[in-house]
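# Geometric and topological summary
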Amino acid sequence: MITADELIALEDQHDSGLYTKQPLILVRGEGARLWDADGREYIDCVGGHGVANVGHANPAVIRAVTEQVRRLVICPSGFYNDQRAQLLAELTRIAPPGLERAFLCNSGAEAVEAALKFARLSTGRTKVVAAMRGFHGRTFGALSATWRKQYRQPFEPLVPGFHFVPYNRLERMRQALDEETAAVILEVVQGEGGVIPGDGEYLRGVQALCRERGVLFIVDEVQTGFGRTGRMFASQHHDLRPDLMCVAKSIAGGLPMGAVLIGSRVGELPKKVHGSTFGGNPLACAAALATIAYIEAEGLPQRAAELGERLISGLQAIPSPLVRDVRGLGLMVGMELKGKVAPYLAALAERGVLALSAGATVMRFLPPLVISAEDVDTVVEQVAAVLS
Ligand SMILES: *Cc1c(COP(=O)(O)O)cnc(C)c1O
């Protein structure tokens, strides 16, 4: 049998080398728990970077996927499909009002690419305004809307016409919009940028400015969607009605999928100008249908709201001089330290809790929304222990 050391050596030898890795081989998951190759158990606050909202090995997703994989896995979008039709109806039903259509794809970056292309098509304009500390993905278009210099600089020149303004500062947004602006793209809670919740008045103000100036309002809910923040979509906390809404990550219970929901201000999209081979495939659609049904039946948004408060107040009560701030919305929680988080994340893993970072100094918690209250309390205890 192949040993753990051999597996790590194989992956180090043949993987792209783009990732810094924890020395852990994860082989199994259930709910909010993960197991490594040695059978050690962990409470998962990484959640596949916000993908595992309905929990690992979710029984409803397993059932839907195993049934669908026997029936039909791929059906090009030039044909109709039973799973796709139902998913499109479900997605537009649960979305903020006015998003009546959707384009299906396979990831968050693809959803952002599509939204940017649709905005240019629809407006005939080219400029895009994005936020400092925003993250929208790593393909050229999505990367052009992403703030972090380390991600952008090695690949310049990027797509022209992108401008950045400070987040949560309405006046700066007002100054940035002009007759050439096709779209504004924002997260409702900035994720990778450090778990920074958007202010409701700011977000509604940006939306109103967009309406006034003929600019499309793109909301990136790739990380905040599907119950994560305590509502089905974070936009619903603030009564936002985006013209384009990007989703992905947890949409299909762990399978790769993305989507752009499209509002009436976008207008008709011409035939054949965009598309995707795997987009809207019946397997992902069946998984997404099961995921949405499970989120609603189990009341996961409400659960995220309650357990998020429990986690935030637990972390806030830790009396450590190392902590600068604890913030979040629902079960999207960040703890900003005065120094780097990497050593504390490693120490947490030693103690059976996996969490991730958001930038160098923010510890981020994105557990499956099915996590138990006891596990949330254990996470708080272990964070307190590593900080003491
Ligand atoms: C993760 C993320 C993306 C990119 O999604 P991928 O599936 O990794 O391409 C885009 N926007 C936000 C807000 C994200 O959190």
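A full pass over the atoms with the stated rule returns 5 aromatic pairs. On the basis of an interplanar angle of 80° and a centroid distance of 5.9 Å, the ring pair of Phe135 and Tyr151 is categorised as edge-to-face. Linking Phe135 in the loop between strand E5 (127–131) and helix H6 (140–144) with Tyr151 in helix H7 (residues 149–152), this pair joins segments that are 16 residues apart in sequence. Pair check on accessibility: Phe135 and Tyr151 agree, each one buried. Look at Phe226 and Phe233: their rings are 5.1 Å apart centre to centre, the planes differ by 70°, and that puts the pair in the edge-to-face class. The buried category is assigned to Phe226, whose relative accessible area is 1%. Judged by its relative accessible area of 0%, Phe233 falls in the buried class. One cation-aromatic arrangement involves Arg28 over Trp35; the distance from NZ or CZ to the ring centre is 4.1 Å. A cation sits over an aromatic face here: Arg138 above Tyr151, 4.0 Å from the ring centre.

Taken as a whole, the protein is organised into domain 1 (4–54 + 301–387) and domain 2 (59–297). On a C-alpha basis, the centres of domain 1 and domain 2 stand 25 Å from each other. Across the boundary between the two partners, domain 1 contributes 25 residues, which contact 27 residues of domain 2. Both faces combined, the contact of domain 1 with domain 2 buries some 2000 Å², and carbon together with sulfur accounts for 64% of it. Among the residues domain 1 hides against domain 2, the three largest losses belong to Val54, Leu329 and Met332. Together they make up 33% of the total. Where domain 1 meets domain 2, there are 1 salt bridge. Residue Arg364 is joined to Glu192 by a salt bridge in which the shortest nitrogen-to-oxygen separation is 3.4 Å. Connecting domain 1 to domain 2 are 12 residue pairs in polar contact (both at pLDDT 80 or more). Mapped onto the side of domain 1 that touches domain 2, the elements with two or more residues apiece are helix H2 (47–50), helix H11 (300–316), strand E13 (323–329), strand E14 (332–337) and strand E17 (362–365).

Before going further, it helps to spend a moment on the state of the cysteines. Cysteine pairs can be covalently joined through their sulfur atoms, and such a bond is termed a disulfide. This structure, assessed with the given rule, holds 0 disulfides. Counting only cysteine sulfurs, Cys246 is the nearest neighbor of Cys105, a cysteine outside any disulfide, at a range of 8.1 Å. The class for Cys105 is buried, based on a relative accessible area of 2%.

Now for the pattern of salt bridges. For the structure on display, the rule yields 17 salt bridges. Residue Asp243 pairs with Arg211 through a salt bridge whose shortest N-O separation is 3.3 Å. Note that Asp243 is positioned in the loop between strand E10 (216–220) and strand E11 (244–247) and Arg211 in helix H9 (residues 200–213), a separation of 32 residues in sequence. According to the relative accessible area criterion, Arg211 is partly exposed, its value standing at 34%. The partner of Arg324 in a salt bridge is Glu336, with the nearest N and O atoms 3.8 Å apart. A residue pair is termed long-range when its members are at least 10 positions apart, and Arg324 in strand E13 and Glu336 in strand E14 qualify at 12 residues. Its relative accessible area of 19% is what places Glu336 among the buried residues. Three or more residues are tied together by salt bridges with common partners; here these are Arg324, Asp325, Arg327 and Glu336.

Judged by nonpolar contacts, the single largest core of 59 residues is most densely connected at Phe226, Leu315, Met335 and Phe365. If you tally residues by element for this core, the top one is helix H10 (residues 282–297), at 8 residues. Of the residues that make up this core, three or more belong to each of domain 1 (4–54 + 301–387) and domain 2 (59–297). Excluding residues that lie within four positions of it along the chain, Phe226 makes contacts with Asn53, Leu91, Ile94, Met232, Phe233, Val247, Ala248, Ser250, Ile251, Ile292, Ile295 and Leu369.

Neighbouring the ligand are the residues Ser107, Gly108, Ala109, Phe135, His136, Gly137, Glu187, Asp220, Val222, Gln223 and Lys249. Within the contact set of the ligand, an oxygen atom lies 2.8 Å away from a backbone nitrogen or oxygen of Gly108. At a separation of 2.6 Å, an oxygen atom of the ligand approaches a polar side-chain atom of Lys249. Within the complex, 81% of the 380 Å² of free accessible area of the ligand lies under protein.

Quick look at H9 now. Taking 1.5 Å as the rise per residue, H9 with 14 residues should run 20 Å; its terminal C-alpha atoms sit 20 Å apart, in good agreement. Among all positions of H9, only Gly200, Tyr202, Leu203, Gly205, Val206, Gln207, Leu209 and Cys210 are buried. Residues of H9 that are buried make contact with helix H8 (170–176), strand E7 (181–187) and E10. Among the residues of H9, the N-terminal cap falls to Asp199, whose side-chain oxygen and the backbone nitrogen of Glu201 are separated by 3.3 Å.

On to the sheet that holds E5, then. In a beta sheet, neighbouring strands are held together by backbone hydrogen bonds and run either parallel or antiparallel to one another. In spatial order, the strands read E4-E12-E11-E10-E7-E5-E6; together these 7 strands make up an open sheet with mixed pairing. A single partner strand is all that each edge strand has here, and the edge strands are strand E4 (99–105) and strand E6 (162–165). Going across the sheet, the axis of each strand differs from the next one's by a mean of 20°, ignoring polarity. With 4 bridges connecting them, E11 and strand E12 (residues 258–263) associate as antiparallel partners. Considered in E12, the bridge of Leu244 is made with Ile262.

Cut-off values and rules
- Residues numbered from 1 in each chain as written.
- Predicted model: local features only at pLDDT ≥ 70, side-chain atom pairs only at ≥ 80, totals over all residues.
- Heavy atoms only, no water.
- Phe/Tyr/Trp six-rings, centres within 6.5 Å; stacked < 30°, edge-to-face > 60°.
- Helix = DSSP H or I, 4+ residues; strand = E, 2+ residues; numbered from the N terminus.
- Buried < 20%, exposed > 50% of the residue type's maximum accessible area, 1.4 Å probe, protein only.
- Lys NZ or Arg CZ within 6 Å of the ring centre and 35° of its normal.
- Domains from an automatic or database assignment.
- Contact = heavy atoms within 4.5 Å.
- Buried area = accessible area lost by both parts, 1.4 Å probe.
- Salt bridge = Lys/Arg side-chain N within 4 Å of Asp/Glu carboxyl O.
- Polar contact = N/O pair within 3.5 Å; in protein donor to acceptor, adjacent residues only side chain to side chain.
- Disulfide = S-S within 2.5 Å.
- Core = buried A, V, L, I, M, F, W, Y, C linked by side-chain atoms within 4.5 Å.
- Near = heavy atom within 4 Å.
- Areas by Shrake-Rupley, 256 points an atom, 1.4 Å probe, with all protein chains shown as cover.
- Expected span 1.5 Å × (residues − 1).
- Pairing = 2+ DSSP bridges.
- Axes fitted to C-alpha atoms, helices over the stretch in contact; angles between N-to-C directions.

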